Amino acid sequence: MATQTDSTQSNDADGTIDGLIRRFDRHLGNDMSIRKAATVYGLLFGYYTFLLVPIVWLMLSSFLTTSGLYSGELIPSIDEYTIANYERVLGDGLFQQYFLNSVIVAVATTLLTLVVAIPAAYSVSRFEYPGRDYVILGLISSQMLPLVLVLLPLFTIMFRLNLVDSLLGLVIGHTVGALPFAVWLLKGFFDGIPEALDDAAMMDGCNRIQIMYKIIVPLSIPGIAVSAFYAFIASWNDYLFVSILSQSSGTRTLPMGLQLFQTANQVDWGAVTAAAVVTMVPVLLLFAFVQSWLVEGLSNTGTKGS
Amino acid sequence: MSTQSDRSGTYVRELLSLSKESWLGYAFLAPVVVIMGVIIGYPILEGILMSFQERSMLQPDNWTWVRFENYSQLVNDEVFRTALWNSAVLTGVAVAFQYLLGLGLALLLMQKVPGIQIFRSLTMVTWVLPVIVIVIIFNWLVQPGYGAVNIIFERLGLPTTYWFADTRWAMPLVILMHVWKNVPFFAIALYAAMQSIPRDLYEAAQMDGASSLQQFRYITLPNISYVSMIMIVLHVLFTFNNFDFVWLSTGGGPLQTTEVLPTYIYREAFETYALGYAASVGVVMMVIMVTFTTIYIKLEDFN
């Protein structure tokens, strides 16, 4: 390596295009040339235009005045930008109520999911008992069931339990949606922690519950963060459960709140785009916190090859 | 040991002789089993029963057994057949595109170009967005007169319309929204799988003079096949099961060109109030999903 660098040094110094390309190529390493890098960047640019431009477009539109929105121009002049849409949306009493409901339901769902899923994942990861494999199989296969079919009788059950049009009903419904994935993900993380640590702690007189909270949980913070994030967005983003179980503004959440600004014949696009941005910003902020763990979390689950 | 009664006797003895540890294991698991049983298990059983009943959403306690009447009605129901076909097309086309585009993006993310970390960290953004927000974004983009897509089309001299209301374009648009949301998840999962392939496999192949296409075919693809299977099965289930995208964007229209099984069930149950009939569609859906998964996993086991 070193000799190769030395021998090409003189060629770089001449400052010609060829010299520059060679210098870049060396910077990029052995299996990358500047031509290949240009292709890679070109394709990446294409992909991320497709993925990100629609989001940026929504954000830009939410800051437009009515005349800017309906001007038919791709780039309205600078004085068409305003925060009036946000003032209208955030000042709306019902929208505030829906936002608050969303926060309460999503946070409660996240907590309930973790409280239930962590011991369960610890159980299937560490304990030996008859029927353990069936539980894992049952959790995974619950993904194979049509949610709409579940909802029909569920509505009746919730009605009998007096949980229709209550925040608790939504929390329970959303928790069920997030549980199978959370248990599966956490099991993957717990499996990765050497069992020798459990044994050592047991020697020191810890019981199983202490081991779980003093050793397993602190060592799996990334997995717990990803599970929490998953439970949060499953609840925050849900429309189906809310549309059936919520009957009044006291329990409706943001996905329904977005309909406040549209009637059958007319859509207030300024308010709708601003409300959509308000709905997605909390998710994106949380995502920014967990995104570095997300890849690890995904590669830790069953995707590794059980 | 060999006879049935012996075996069940063993199970009983096993349960009786369980250690304190095992009981603790059950205790840790109990809340999940109870919650899943009450909210998923029991409703599924009742849903199956409901499909043999005539029952209305308005008076759920007032029902009669009709045996297979709901199912025989399904056979002649044209809307059901349309929804079944649309569900199959939507699922097949959307998952195929998601996998191919996701695979392409995963290969790009593996490249060691400067700044690739920024791209990797931005990838999952569309996957975390609420479906309703995605629908609003695409709905806004295709508004006639002032949506960005139509403005650009007009400049280019291409036809402009409200694409969600066009019988030819509504389904492709619904598919596009699915693909837009899920490509990142495929990309990240496949990227994670590719990263766990040992580097020396590639180095050995390079020594032997394998082209990068051959390396992809004989090293990368076989090593990501397990993850690919999981991702494809999961997303077939997610897409086949998905209600929000269609309901919030087209509501199944125009002229039922985007009606899928979940929206049809929802409509029958909560708008027509035909609970028993809706349940029979749900059971058909469930049978399809379970069959698909079982066949796929069996096939994968043989290879």
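Sequence order sets the numbering: in each chain, residues are counted from 1 along the sequence as written. Throughout, the order in which chains and ligands are written sets their labels, letters from A for the former and numbers from 1 for the latter. This being a predicted model, a pLDDT of at least 70 is required before a residue's local features are given, and a value of 80 or more before pairs of side-chain atoms are given or counted; all residues contribute to the totals for chains, interfaces and linings. Water and hydrogen atoms play no part in the side-chain values, which are based on all heavy atoms of the structure.

Visitor: Please clarify how the overall build of chain A should be interpreted in this entry.
Guide: Only DSSP runs of H or I reaching four residues or more are called helices, and only runs of E reaching two or more are called strands; each is numbered from the N terminus. Helix and strand content of chain A: 15 helices and zero strands. The buried share among the 306 residues of chain A stands at 51%. The contact rule is simple, with two residues in contact once any of their heavy atoms fall within 4.5 Å. In chain A, the share of contacts with a sequence separation of at least 24, taken over all contacts with a separation of at least 6, comes to 72%. With an accessible surface of roughly 14100 Å², chain A has 64% of that area assigned to carbon and sulfur atoms. Here the term buried applies to any residue with accessible area under 20% of the maximum for its type, exposed to any over 50%, and partly exposed to those in between, with areas from a 1.4 Å probe on protein chains only. Only the protein chains shown count as cover for residues, with accessible areas throughout obtained via the Shrake-Rupley method and a probe of 1.4 Å.

Visitor: Looking at this structure, how should I read the UniProt feature "transmembrane region" (unreviewed entry) in chain B?
Guide: All names here are of chain B. UniProt positions are given in the numbering used here, feature names are shortened, and annotations may be inferred rather than shown by experiment. As recorded in UniProt, the feature "transmembrane region" (unreviewed entry) lies at residues 23-45, 84-110, 122-142, 169-194, 215-238 and 274-297. Taken end to end, residues 169-194 is 96% helix and 0% strand, and its two terminal C-alpha atoms sit 36 Å from one another. Along residues 274-297 the backbone is 96% helical and 0% strand, and the end-to-end C-alpha distance reaches 35 Å.

Visitor: I would appreciate a short explanation of the interface of chain A and chain B in the present structure.
Guide: Accessible area lost upon the coming together of the parts is a frequently used measure of interface size. Listed by partner, the interface residues are 92 residues for chain A and 94 residues for chain B. Between chain A and chain B, a total of about 8600 Å² is buried, with carbon and sulfur atoms accounting for 80% of that surface. Identification of polar contacts relies on pairs of N or O atoms within 3.5 Å, with a donor-acceptor requirement for protein atoms, meaning one able to donate a hydrogen and the other able to accept it, and with residues adjacent in sequence counted only if both atoms are side-chain atoms. The tally of links from chain A across to chain B stands at 16 residue pairs in polar contact (both at pLDDT 80 or more). When residues in the side of chain A that touches chain B are grouped by element, the largest group, 16 residues, is from helix α3 (residues 34-61) of chain A. Three categories are distinguished: nonpolar for Ala, Val, Leu, Ile, Met, Phe, Trp, Tyr, Cys and Pro, charged for Asp, Glu, Lys and Arg, and polar for the others, with Gly belonging to the last. Across the side of chain A that touches chain B, the residue classes break down as 69 nonpolar, 17 polar and six charged. For any pair of parts, buried area is found by adding up, for both, the accessible area (1.4 Å probe) each one loses once the two are put together.

Visitor: Just checking my understanding: could you explain the nonpolar core for this structure?
Guide: In a soluble, globular protein the nonpolar side chains are often hidden away together inside. Here the nonpolar core consists of buried residues drawn from Ala, Val, Leu, Ile, Met, Phe, Trp, Tyr and Cys, with membership extended through side-chain atoms lying within 4.5 Å. Membership of the largest hydrophobic core comes to 193 residues, with the highest contact counts inside it found for Leu152(A), Leu105(B) and Ile137(B). The element best represented in this core is helix α9 (residues 170-195) of chain B, accounting for 17 residues. Note that the domain bounds reflect an automated or database-derived domain assignment. When residues of this core are assigned to domains, at least three map to each of domain 1 (2-50) and domain 2 (76-302) of chain B. The contact partners of Leu105(B), leaving out residues within four places of it in the chain, are Leu44(A), Tyr47(A), Tyr48(A), Leu51(A), Thr123(B), Val183(B) and Ala187(B).

Visitor: Help me out: how do you make sense of the pattern of salt bridges in this one?
Guide: When the charged atoms of two side chains with opposite charge come close together, those side chains can pair. A pairing counts as a salt bridge when a side-chain nitrogen of Lys or Arg comes within 4 Å of a carboxyl oxygen of Asp or Glu. Scanning all chains against the criterion turns up ten salt bridges over all chains. Arg55(B) is the partner of Glu46(B) in a salt bridge, and the nearest nitrogen-oxygen pair spans 3.3 Å. Here the salt bridges share partners, and the residues they tie into one network are Arg126(A), Asp198(A) and Arg208(A).

Visitor: Sorry if this is basic, but what is going on with the UniProt feature "domain: ABC transmembrane type-1" (unreviewed entry) in chain B here?
Guide: Mapped onto this numbering, the UniProt entry annotates "domain: ABC transmembrane type-1" (unreviewed entry) at residues 84-296 of chain B. Segment residues 84-296 of chain B splits into 75% helix and 0% strand. End C-alpha atoms: 20 Å apart.

Visitor: What's the story with the packing of helix α4 (residues 78-110) of chain B against helix α14 (residues 261-270) of chain B in this structure? I'm lost.
Guide: Any two packed helices are characterised by the angle at which their axes cross and by the distance between the axes. All names here are of chain B. Here, axes are lines fitted to C-alpha atoms. For helices the fit covers the stretch in contact, and angles between N-to-C directions go from 0 to 180 degrees. At their nearest, the axes of α4 and α14 sit 8 Å apart, and the two run at 145 degrees to each other. Every residue of α14 that contacts α4 at Val 79, Phe 80, Ala 83, Leu 84 and Ser 87 is listed here: Leu 261, Pro 262 and Tyr 264. The residue makeup of the contact of α4 with α14, split by class, is seven nonpolar, one polar and no charged.

Visitor: Got a minute to help me understand the confidence of the model for chain B in this structure?
Guide: Low pLDDT means the predicted coordinates in that region are not meant to be read closely. All names here are of chain B. What pLDDT reports is the predictor's confidence in each residue, on a scale of 0 through 100. Averaged over every residue, the pLDDT of chain B is 89; the share at 70 or more is 95%. Mean pLDDT in chain B bottoms out at helix α1 (residues 4-16), which sits at 65, and peaks at α4, which reaches 96. Across the predicted assembly, pTM comes out at 0.89 and ipTM at 0.88.

Visitor: So what exactly am I meant to see when it comes to the side chain of Thr91(B) here?
Guide: Residue and element names in this part refer to chain B. By the secondary structure assignment, Thr 91 is in helix α4. Classification of Thr 91 as buried rests on a relative accessible area of 6%. Apart from the residues within four sequence positions on either side, Thr 91 is in contact with Val 236, Thr 239 and Phe 240.

Visitor: Please clarify how the domain arrangement of chain B should be interpreted in this entry.
Guide: Residues and elements named next belong to chain B. You can read the domains of chain B as domain 1 (2-50) and domain 2 (76-302). Using C-alpha coordinates to define each centre, domain 1 is positioned 36 Å away from domain 2. Each partner contributes residues to the interface: domain 1 has four residues there, and domain 2 has five residues. Considering only the surface of domain 1 that becomes buried against domain 2, Ile 44, Ile 48 and Met 50 emerge as the three largest contributors, covering 89% of it. Applying the counting criterion to the domain 1 and domain 2 interface returns zero salt bridges. Viewed at the interface, domain 2 and domain 1 are joined by zero residue pairs in polar contact (both at pLDDT 80 or more).

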